[in-house]
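# An overview of the molecular structure
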Amino acid sequence: MRLAFIGDIVGRPGRRIIKENLVKIKEEYNIDFVVANAENASHGFGLTIKNCDELFKAGVDVITGGNHSFDKKKEMFILLETKAVLRPDNYPEGVPGSGIKICEVETSKGLEKIAVVNLMGQFSMPTVENPFNWAKKVVSKLHEEGVKNIFIDFHGEATSEKRVMLMMFKNQVSAICGTHTHVGTDDLQIFENTAYLTDIGLTGCRDNVIGMDSYVPIQKATTGLGGHFEVPNSCKTILQMMIVDIEDGKAVDSFKIKKLCDKKEHIITKAMLD
């Protein structure tokens, strides 16, 4: 199975570069299944029903979330009930929705099952249950159910938390990829049969501050006075995607694609093998 993961889609520019490129990339790289973190896909904060449908139509199969999952609360409640949309599974009891979805994927070798798991870290994030203890239960249950192919989107601020997740679940899950910071890291690797990347980085505007217009972030940094972050209407964009080849639950190859709006060729980074 060849899985692709796209991270954090920010506003209209992020959705647009996906619509313009995802189908072609899926065909060129023979991708079987696409997961995308889209908690910032609507105006930079949350996800609407309209924009969710737009991403599914563009070729996304499952959408994950994070601390902005409920910024468009009413629409998110509907999406969690009716679409392949997840929120971090370790939100406290009583929060609508789930952070786990088991899908059947048609591959060249026939139908294969894969579990998509969405978790959120603790440092500088909303109230959640301990993600590491939570993940122990989730992964153990999936193994008991015979699900070998497991992908985790770990949405967190702290790089150390993401690294702990790898050390705990290496050789138990197929891949772990971090989201949230919007800044891609340079540590893609396969570590004891688990593909890992601390943060995939954003898909959206690349010529400002984490996908947002620079004015408010600069004002806040220099004066302490904040404001409402806005996604620019016009900008240079980037699409960032992690691709993992999975066989019998193990990652056997992985690479990252960067697609820039003003370049024809893709920037490819191969995973280190540890």
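About the criteria used
- Residues numbered from 1 in each chain as written.
- Predicted model: local features only at pLDDT ≥ 70, side-chain atom pairs only at ≥ 80, totals over all residues.
- Heavy atoms only, no water.
- Disulfide = S-S within 2.5 Å.
- Helix = DSSP H or I, 4+ residues; strand = E, 2+ residues; numbered from the N terminus.
- Buried < 20%, exposed > 50% of the residue type's maximum accessible area, 1.4 Å probe, protein only.
- Patch = residues over 30% accessible without salt bridge, like charges linked within 9 Å, V, L, I, M, F, W, Y side chains within 5 Å.
- Areas by Shrake-Rupley, 256 points an atom, 1.4 Å probe, with all protein chains shown as cover.
- Salt bridge = Lys/Arg side-chain N within 4 Å of Asp/Glu carboxyl O.
- Pairing = 2+ DSSP bridges.
- Contact = heavy atoms within 4.5 Å.
- Axes fitted to C-alpha atoms, helices over the stretch in contact; angles between N-to-C directions.

This brings us to the state of the cysteines. Cysteine pairs can be covalently joined through their sulfur atoms, and such a bond is termed a disulfide. Scanning the model with the defined rule gives one disulfide in all. Covalent S-S linkage joins C205 and C235, the inter-sulfur distance amounting to 2.0 Å. Here the S-S torsion is close to -75°, and the disulfide linking C205 with C235 is therefore left-handed. Linking C205 in strand 10 (residues 204–205) with C235 in the loop between helix 6 (215–223) and strand 11 (237–247), this pair joins segments that are 30 residues apart in sequence. Note on accessibility: C205 and C235 belong to one class, buried. No disulfide involves C103; its nearest neighbouring cysteine sulfur is the one of C52, lying 13 Å away.

Below, the discussion takes up a nonpolar patch on the surface. Together, V183, V209 and I210 give the surface a local cluster of nonpolar side chains, amounting to about 210 Å² of exposed area. Looking at the element boundaries, V209 is found in the loop between strand 10 and helix 6. For V209, a relative accessible area of 31% puts it in the partly exposed group.

A separate point is the sheet that holds strand 7 (residues 175–179). If you walk across this open sheet you meet the seven strands as 4-5-6-7-9-8-14, and the pairing is mixed. Bordering the open sheet on either side are strand 4 (100–107) and strand 14 (272–273), each of which pairs with just one other strand. The strands touched by helix 4 (residues 131–144) are strand 4, strand 5 (110–120) and strand 6 (150–155); relative to strand 5, the strand with the most contacts, the crossing angle is about 165°.

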